[in-house]
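Residue strings, one per chain:
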Amino acid sequence: MKTRIILISLLLLTISCVQEKAKEKYITRIHTTLQIDNIAHPEANVFLQKRGENIDLNNIDTLNFTEGGNLVFNFEDSIPGYYRLIHHDFYFDLYLSPRDSLHIHFDNLDLMTTLKIKGERGKQQNRYLAAKRFFMNKYVTDSLFMQEPKPFNKSLLKIRKEYMFALNEANLKQQGFRKVERRAIDYILAKLELIYPSNYEKLKGAPLLINEDYYDFVDNYHSEDQILLQIPEFIDFYSSCIILKAFTLNENTTYSKEDIESEIDKTFKKEEFRNFFKNFLKL
C-alpha cells in the first residue's frame, strides 16, 4: 500500500512537471527568427516595440544581428499583440501570439517580393500585414490624388477589393485579428477620401470642385465601439477629421486648443472617446 502511494505521488508530480513544461513551451513563449539580406548597417541596434493600449509603440527589447546576419528573439506573453522592429535600414510590422514560432526571410532591397514566412502558427496574420503595407506603397501615390472624382472613386473601390481579397485569402483562424483588420480597412479608405480634396489642390495647383455636403460621408464611419480605440487607422482618421473641422471647415486662419476640444466634444458622446482624443492630440 505504501509503495502504491509513493508511485501515485511520483506520477502526479511527473504529470505536474510535464504540464508546467508544456505551459512554458507552448502557451506563453513566442519564438521568432528573421533572416534579412542586404543590411547596410548590421552593427546598428534593432528595437523591438509593442503597441500599447493607447496605440503608442513602446520599446520592450534591444536586439542585435548575429554573425550570420539573423535576428533571433524569444519572449513570453499571454495575449497576442502588434509589434514592430525598428532598425536604421528598415522597419517591419509583426503580429505575434502565444505559441507562435516563425521564421521570416526577406531581402531588404526588395522586401515585398522576396518575403517568405514559415511556421506552424502566425503565418497568415503576418503575411496579411505585409500585403497591407505593400498596398499602401502601391496605391497611395500622387497619381491617385491627381485623378478627377469619378476615376478617384473607382480607384478607392479597387483598393478596397485588394485589401479585402488579401484579408480573406489569409484564411485567418484568429477572429480577433480579422475583426480589427476588417475595421482598419474601412478607415484606411475613409482617410484617403478625407484628404483627397486638399491633396488634389496641392498637386494640381487648383481647388477640387466638390459639393457642399462632400464631407458628410464622415458620418457613415462614425462609431464609438470600444475596439476602435485599439486601431491606429481609426485614430488617424478621426484626428484628421477633428483638425480639419476646427481649421478648414470653420474657415479659421488658425485654430486653438479650445477649437479642437469643442470639435472633440461635438464628435463623440462617450467620455472615454473624448478623453482619449484630447490626450492623443496633446490638449
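Check the entry above for the structure.
Residue positions are given per chain, counting from 1 as you read along its sequence in written order. Two thresholds apply to this predicted model, a pLDDT of at least 70 for residue-level local features and 80 or more for giving and counting side-chain atom pairs, whereas whole-chain, interface and lining totals are computed over all residues. Working from all heavy atoms in the structure, the side-chain values ignore hydrogens and water.

What should I look at first to understand the packing of helix H3 (residues 123–139) against helix H5 (residues 149–169) in this one?
Axis definition: a line fitted to C-alpha atoms, limited for helices to the stretch in contact. Angles are taken between N-to-C directions and run from 0 to 180 degrees. In this text, helices come from DSSP runs of H or I with a minimum length of four residues, and strands from runs of E with a minimum of two, each type numbered from the N-terminal end. For the pair H3 and H5, interaxial distance at closest approach is 10 Å and the crossing angle is 165°. Taken as axis vectors, H3 and H5 run roughly antiparallel relative to one another. Note that H3 runs across H5; the crossing there is right-handed. For the pair formed by H3 and H5, the contact residues are Tyr128, Ala131, Lys132, Phe135, Met136, Lys138 and Tyr139 on the first element and Lys158, Ile159, Glu162, Tyr163, Ala166 and Leu167 on the second. Residue composition of the contact of H3 with H5, by class: nine nonpolar, no polar and four charged. Note on angle classes: values under 35 degrees are labelled roughly parallel, values over 145 roughly antiparallel, values of 65 to 115 roughly perpendicular, and the remainder oblique. Crossing handedness follows the turn of the near helix against the far one: under a right angle anticlockwise gives a left-handed crossing, and clockwise gives a right-handed one. Contacts between residues were defined by any pair of non-hydrogen atoms, one from each residue, lying within 4.5 Å. Only Asp, Glu, Lys and Arg are considered charged in this grouping, and only Ala, Val, Leu, Ile, Met, Phe, Trp, Tyr, Cys and Pro are considered nonpolar; every other residue, Gly among them, is considered polar.

Just to check I follow, could you spell out the side chain of Asn126 for this structure?
Looking at where Asn126 falls in the secondary structure, it is placed in helix H3. Assessed through its relative accessible area of 1%, Asn126 is described here as buried. In the analysis that follows, any N or O atom pair within 3.5 Å is treated as a polar contact, provided that within protein one partner can donate a hydrogen and the other can accept it, and provided that, for residues neighboring in sequence, both atoms belong to side chains. At 2.7 Å, the side chain of Asn126 forms a polar contact with the backbone oxygen of Gly122. Leaving out residues up to four positions away in the same chain, Asn126 has contacts with Asp93, Leu94, Tyr95, Leu102 and Ile117. Think of it in three bands: residues with accessible area under 20% of the maximum for their type are buried, residues over 50% are exposed, and the middle band is partly exposed, with areas taken using a 1.4 Å probe on protein chains only.

Help me out: how do you make sense of the sheet that holds strand E2 (residues 46–51) in this one?
Note: strands within a sheet are paired through backbone hydrogen bonds, in either parallel or antiparallel orientation. Here, any two strands with at least 2 DSSP bridges between them count as paired. An order of E3-E2-E5-E6 is seen for the four strands of this open sheet, with the pairing classed as antiparallel. Edge positions in the sheet fall to strand E3 (57–63) and strand E6 (91–96), since each has one partner strand and no second. Across this sheet, the average inter-strand angle for adjacent strands is 25°, counted without regard to direction. For strand E5 (residues 81–86) and E6, the ladder comprises six bridges, and the chain directions are antiparallel. Note that in E6 the partner of Gly81 across the bridge is Leu96. Sheet strands in contact with H3 are E5 and E6, and its direction is about 145° off that of E6.

Interpretation note: all reported values are geometric properties and have no functional meaning in isolation.
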